[in-house]
Amino acid sequence: MLFRSYYDELVEEPPIDQPVSFQNDIIPIFNADCNFSGCHNTGGIHPDLTASEAYNSLISEDELIDTDVPENSHLYIWVNGQGDLPMPPSGTDPFISATILAWIEQGALNN
């Protein structure tokens, strides 16, 4: 799948062929890029992406995660640079967006 990067160049996402774990693969992405003070932490910008709250925060709204059409998930739209503001603000990463898309395609499980 192609997406626009932070710098508006087309980049191909690497395929993710193995199962993606929310705890082992997605939470580390949030810990590195999203849930620090002033961003998506407890009491910060919605959704709360801290390890203890991320899953419930993501599935509490239909638009954030769409397992029927994963590419329509707002989480995926933001991390692949198609939202109003790319996430993380430092720029998109094809591996991160591919991992998040694979997790959603695999059912967005709390595993």
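So, here is what we can say about the structure in this document.

Along its length, the protein carries four helices and two strands. The N-to-C order of helical and strand elements in the protein reads β-β-α-α-α-α. Out of the 111 residues belonging to the protein, those deemed buried represent 44%. For the protein, the accessible surface area stands at approximately 6100 Å², while carbon and sulfur atoms represent 50% of it.

Here the residue pair His 46 and Pro 47 is connected by a cis peptide bond, since its omega of 0° sits within 30 degrees of zero. The step from Met 87 to Pro 88 runs through a cis peptide bond, and the omega angle for that step is -5°. Mapping Pro 88 onto the fold places it in the loop between helix H3 (74-79) and helix H4 (94-105).

With that out of the way, let us pick up the packing of helix H1 (residues 22-33) against H4. Running from N to C, H1 and H4 cross one another at 140°; their axes reach a closest spacing of 11 Å. If you check the angle between H1 and H4, you find them oblique. In this structure, the crossing between H1 and H4 has a hand that is left-handed. Of the residues in H4, those touching H1 at Phe 22, Asp 25, Ile 26, Ile 29, Phe 30 and Asp 33 are Ile 96, Thr 99, Ile 100 and Trp 103. Grouping the amino acids of the contact of H1 with H4 by side-chain chemistry returns seven nonpolar, one polar and two charged.

Before going further, it helps to examine the nonpolar core. Generally speaking, nonpolar side chains in soluble globular proteins are found buried as a group. Of all hydrophobic cores here, the largest spans 25 residues; its most connected members are Phe 22, Phe 30, Leu 58, Ile 65, Leu 75, Ile 100 and Trp 103. Listing elements by their share of this core, those giving two or more residues are H1, helix H2 (54-59), H3 and H4. Of the residues forming this core, the biggest block, seven residues, is contributed by H4. Excluding its chain neighbours within four sequence positions, the residues that come into contact with Phe 22 are Ile 27, Pro 28, Phe 30, Ala 54, Tyr 55, Leu 58, Trp 103, Leu 109, Asn 110 and Asn 111.

With respect to the secondary-structure elements, Asp 48 resides in the loop between H1 and H2. Excluding residues that lie within four positions of it along the chain, Asp 48 makes contacts with His 40, Asn 41, Thr 42, Glu 53, Ala 54 and Ser 57.

With twelve residues, H1 ought to run about 16 Å at 1.5 Å a step, and its terminal C-alpha atoms sit 15 Å apart, in line with that. Burial in H1 covers these residues: Phe 22, Ile 26, Ile 27, Ile 29 and Phe 30. Buried residues of H1, viewed axially, fall in a sector of 150°; they line one side. Structural note: H1 exposes Asn 24 and Ala 32 on the side pointing more than 90 degrees away from its buried face. Contacts made by the buried residues of H1 are with H2, H3 and H4. For H1, the N-terminal capping position is held by Ser 21, with its side-chain oxygen 3.4 Å away from the main-chain nitrogen of Gln 23.

Scoring rules and cut-offs
- Residues numbered from 1 in each chain as written.
- Predicted model: local features only at pLDDT ≥ 70, side-chain atom pairs only at ≥ 80, totals over all residues.
- Heavy atoms only, no water.
- Helix = DSSP H or I, 4+ residues; strand = E, 2+ residues; numbered from the N terminus.
- Buried < 20%, exposed > 50% of the residue type's maximum accessible area, 1.4 Å probe, protein only.
- Areas by Shrake-Rupley, 256 points an atom, 1.4 Å probe, with all protein chains shown as cover.
- Axes fitted to C-alpha atoms, helices over the stretch in contact; angles between N-to-C directions.
- Parallel < 35°, antiparallel > 145°, perpendicular 65-115°, else oblique.
- Left-handed = near helix turned anticlockwise from the far one by under 90°.
- Contact = heavy atoms within 4.5 Å.
- Nonpolar A, V, L, I, M, F, W, Y, C, P; charged D, E, K, R; others polar.
- Core = buried A, V, L, I, M, F, W, Y, C linked by side-chain atoms within 4.5 Å.
- Expected span 1.5 Å × (residues − 1).
- Arc of directions from axis to C-beta.
- Polar contact = N/O pair within 3.5 Å; in protein donor to acceptor, adjacent residues only side chain to side chain.

Keep in mind these numbers describe shape, not what the thing actually does.
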